[in-house]
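# Coordinates in review
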Amino acid sequence: MQTTPKFVSPNDSPRPVAKSTFFLHKFQPDLDAFIKSNGCSAQFQQRQPQQQRQRRFQTECQIQNLNAVEPKHRFKSEAGVTEFWDQNEEQFQCAGVAALRHKIQPRGLLLPSFNNAPQLVYVVQGRGIQGAVFPGCPETYQSGSQQSRSQRDRQQGSNDQHQKIRQIKEGDVLALPAGVPHWIYNNGDSHLVLVSLVDVANADNQLDLNFRKFFLAGNPQEELVRGGRRQSQSRDRTQSRSHKGQEEEQEESNGNNILNGFDNQILQEVFGINSKLVKKLQNHNDNRGAIVKAQRDFQVVSPQSEEEEEEQEGEEQERERRRRGNPNGLEETFCSMKLRHQIDNPSFADIFNPRAGRITTVNSYNLPILQFLQLSAEKGVLYRNAFYAPHWNVNAHSIVYITRGNGRVQVVRENGETVFDDQVEEGQMFVVPQNFAVLKKAGNQGLEWIAFKTDANAMINQIGGRVSAFRSMPLDVLASSYRISREEARRLKESRQEMSVFSPGSSSQHQSA
């Protein structure tokens, strides 16, 4: 006898999601989490005006084959490595995205930079601190004088004021809008590993479909600034099936941060500094790369714990709600918004089956800034030999990165042709285009992934399980469509009681004699 799986909602208070008749049946109490994470038709109608303002670049998706690939380009820095997936891969061009991975050593600093498109970052391993600088937002963090400073500095009231700094750790998802400078520092004892998705087809990118990274400091490799592309590399689509990263050597250059392009004399006047300091800002012939080693631990103000940070964020949001009578635009949005959400904590799962695994989503309901970025993410954990029900993404592309384990994935296009059917393993990435059907089955080691999705509230529609499309169709429709009896149609609809993650071997219990 099967035990009914437990379904957990991450929030006690309901999200503002309308429920259509599609979900109104006897299992309604167990479906709240599914509705919150996957939406419904009424929710889709509510989001249409926002989507009309956020039109994406139109890309071609003539996909014949998909591949699970590892990064192709690898750039060494003084305190870490940056790796890029080949943006010319047909699947990444279809989705209109670029992907990269940073491996930052302890006391390594990813130099301040900004992108031409919104970015989602998933912390695969380690911990650190992260800062993002929003224009017009106040410097709400201030550090007092340190005991090691001289008496003269203390007499001058030497204080360091800066915008908010966030603690990050394994399982966090970070949201970074286009054009917002950000930096990340590894203050832990092990490597900090970050995998990122940059949505170059997003409406906020008004350049082209090339990923561009604008550094405010340092002298990173020129190919790194261009998102892994060589200067002579054309935009013609090519298919790469490389599974080994190609390491790029650091070469001397005249500086690849944006300050290098300004006149020395003008920068002296702008900052009120001398020529020698300007040359240091421009970082001529600095070959440390994009990740540099800090000489000492950072002395910055940041919350000491996640609870303290969440409490502070709540206070900031409450202050902004009280000021809604006199809104000032930017401060009502970005200045007080959260940029980080923990997606790995099992207690936050939207769907949980104790015999199969769990699915957790982060979207505009639990991380509101994603409404501006038009991105979301899904963390999946499947136990040994368990399934994730076959489904399709209704309104988004899904870019999947395998974080642990191994398994089999199948992807099917509109004509019933299988475009991917292979084993996947840790460190690989592949794209599931919008509306393509996908099925995941964990191997003996289990299977875990992070999926970045190109909509603020990505929705799925299942082919099997308690909330499947089959479950919502009349028996006569199924019987006539598949030339089966009504009894067979009933078994097709009702035999599987699990929702989205299926335990292994249970199908054999429902096979007919």
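Every value quoted in this text rests on a predicted model; they were computed, and no experiment measured them.

## Regarding the overall build of the protein
For the protein, the count of helices and strands is 11 helices and 26 strands. In the protein, which comprises 513 residues, the proportion classed as buried is 52%. The contacts in the protein between residues at least 6 apart in sequence include a share of 77% that link residues at least 24 apart. When the accessible surface of the protein is totalled, it reaches about 23,800 Å², and 46% of it is carbon and sulfur.

## Let's talk about unusual backbone geometry
At Arg107, a position not held by glycine, the phi torsion is positive, near 65 degrees. With respect to the element layout, Arg107 can be found in the loop between strand 3 (98-104) and strand 4 (108-115). Taking the relative accessible area as the measure of exposure, Arg107 reaches 31% and is therefore partly exposed. Notably, Asn385 is not glycine yet its phi reads approximately 65 degrees, a positive angle. One can find Asn385 in the loop between strand 19 (376-382) and strand 20 (387-393). By relative accessible area, which is 27% here, Asn385 ends up partly exposed.

## Comments concerning the nonpolar core
Ranked by internal contacts, the top residues of the largest apolar core, which has 46 residues, are Val195 and Ile450. With sequence-adjacent residues up to four places away left out, Ile450 is seen in contact with Tyr122, Val173, Val195, Ile343, Ala377, Glu378, Lys379, Ile399, Val400, Tyr401 and Thr403. The next biggest cluster of nonpolar side chains, apart from the first, holds 29 residues, and it includes Val400, Phe420, Val424 and Ala451.

## A look at the pairing of strand 24 (residues 437-453)
Within strand 24, 13 of the 17 residues are buried, which leaves it mostly tucked inside the rest of the structure. As judged from the seven bridges shared by strand 19 and strand 24, these two strands associate in the antiparallel manner. For Ser376, the partnering residue across the bridge sits in strand 24 and is Lys453. Examined bridge by bridge, strand 20 and strand 24 share four bridges and lie antiparallel to one another. Across the sheet, residue Tyr388 finds its bridge partner in strand 24, namely Lys440. Alignment of strand 21 (residues 398-412) against strand 24, held across 13 bridges, turns out to be antiparallel. Among the inter-strand pairings, Arg408 is bridged to a residue of strand 24, identified as Lys441.

## Observations regarding the confidence of the model for the protein
With 72% of its residues at a pLDDT of 70 or more, the protein has an overall mean of 79. Counted against residues more than four places away or in other chains, residues 1-31, with its pLDDT under 50, gives 75 contacts. Low pLDDT (under 50) marks residues 144-157, which in the prediction has 12 contacts with non-local residues, meaning those over four places away or in another chain.

## What to know about the pattern of salt bridges
What the rule picks out here adds up to 17 salt bridges. Residues Asp172 and Arg340 are paired through a salt bridge, measuring 3.7 Å at the closest nitrogen-oxygen approach. With a gap of 168 residues between them, Asp172 in strand 10 (residues 172-176) and Arg340 in strand 16 (residues 340-342) connect regions that are remote in the sequence. Under the relative-accessibility criterion, Asp172 is labelled buried at 0%. Linking Arg404 and Glu448 is a salt bridge whose minimum nitrogen-to-oxygen distance equals 3.5 Å. Here Arg404 is found in strand 21, whereas its partner Glu448 is found in strand 24, with 44 residues between them in sequence.

## Thoughts on the side chain of Asp172
A distance of 2.8 Å separates a polar atom in the side chain of Asp172 from a polar atom in the side chain of Gln342. What Asp172 contacts, discounting residues up to four positions off in sequence, is Val121, Tyr122, Val123, Gln167, Arg340, His341 and Gln342.

## As for the environment of Lys280
Within the secondary structure, Lys280 is located in helix 7 (residues 275-282). For Lys280 and Asn260, which are 20 residues apart along the polypeptide, the C-alpha to C-alpha distance reads 9.9 Å.

## Quick notes on helix 7
Between the side-chain oxygen of the N-cap and the backbone nitrogen of Lys276 there are 3.3 Å, and the N-cap of helix 7 in question is Asn274. Downstream of helix 7 by one or two residues, Asn283 has phi in the positive range, about 55 degrees.

## Thoughts on the pairing of strand 2 (residues 80-84)
Among the five residues in strand 2, five count as buried, and that is most of the element. Burial along strand 2 is two-sided: the face carrying Gly80, Thr82 and Phe84 and the face carrying Val81 and Glu83 are both buried. In this sheet, strand 2 lies alongside strand 1 (residues 73-77) in antiparallel orientation, the contact comprising five bridges. Of the residues in strand 2, the one forming a bridge with Lys76 is Val81. In textbook terms, the turn of a hairpin is the stretch between consecutive antiparallel strands, and for strand 1 and strand 2 this stretch comprises two residues. Strand direction decides the pairing type here: strand 2 and strand 3, joined by five bridges, are antiparallel. When the sheet's bridge partners are listed, Glu83 is paired in strand 3 with Arg101.

## What to know about the packing of aromatic side chains
Under the criterion given, the structure shown has seven aromatic pairs. Ring geometry for Trp85 against Tyr401: centres 5.9 Å apart, planes inclined by 90 degrees, an arrangement best described as edge-to-face. One end of the pair, Trp85, is in the loop between strand 2 and helix 3 (90-95); the other, Tyr401, is in strand 21, with 316 residues separating them in the sequence. Neither residue differs from the other here; Trp85 and Tyr401 are each classed as buried. Relative to Phe430, the ring of Phe420 lies with its centre 5.6 Å away and its plane at 15 degrees, an arrangement referred to as stacked. Of the two residues, Phe420 sits in strand 22 (residues 418-425) while Phe430 sits in strand 23 (residues 429-432), which places them 10 residues apart along the sequence. Among the residues examined, Phe420 registers a relative accessible area of 4% and is labelled buried. Relative accessible area serves as the criterion here: at 0%, Phe430 is assigned to the buried category. Grouping aromatic residues by their ring pairs yields a cluster made of Phe75, Phe84 and Phe211. The ring of Phe215 has Lys213 lying over it, and the distance from NZ or CZ to the ring centre is 6.0 Å. Between the NZ or CZ atom of Lys440 and the centre of the ring of Trp449, over which it lies, the distance is 4.7 Å.

## A closer look at the side chain of Asn257
Tracing the backbone through its elements, the reader meets Asn257 in the loop between strand 14 (246-248) and helix 6 (264-271). Within the structure, Asn257 has its side chain in polar contact with the backbone nitrogen of Leu259 (distance 2.8 Å). Residues within four places of Asn257 in sequence aside, it is in contact with Phe215, Leu216, Ala217, Gly218, Leu281, Gln282 and Asn283.

Parameters at a glance
- Residues numbered from 1 in each chain as written.
- Predicted model: local features only at pLDDT ≥ 70, side-chain atom pairs only at ≥ 80, totals over all residues.
- Heavy atoms only, no water.
- Helix = DSSP H or I, 4+ residues; strand = E, 2+ residues; numbered from the N terminus.
- Buried < 20%, exposed > 50% of the residue type's maximum accessible area, 1.4 Å probe, protein only.
- Contact = heavy atoms within 4.5 Å.
- Areas by Shrake-Rupley, 256 points an atom, 1.4 Å probe, with all protein chains shown as cover.
- Core = buried A, V, L, I, M, F, W, Y, C linked by side-chain atoms within 4.5 Å.
- Pairing = 2+ DSSP bridges.
- pLDDT = per-residue confidence, 0-100.
- Salt bridge = Lys/Arg side-chain N within 4 Å of Asp/Glu carboxyl O.
- Polar contact = N/O pair within 3.5 Å; in protein donor to acceptor, adjacent residues only side chain to side chain.
- Phe/Tyr/Trp six-rings, centres within 6.5 Å; stacked < 30°, edge-to-face > 60°.
- Lys NZ or Arg CZ within 6 Å of the ring centre and 35° of its normal.

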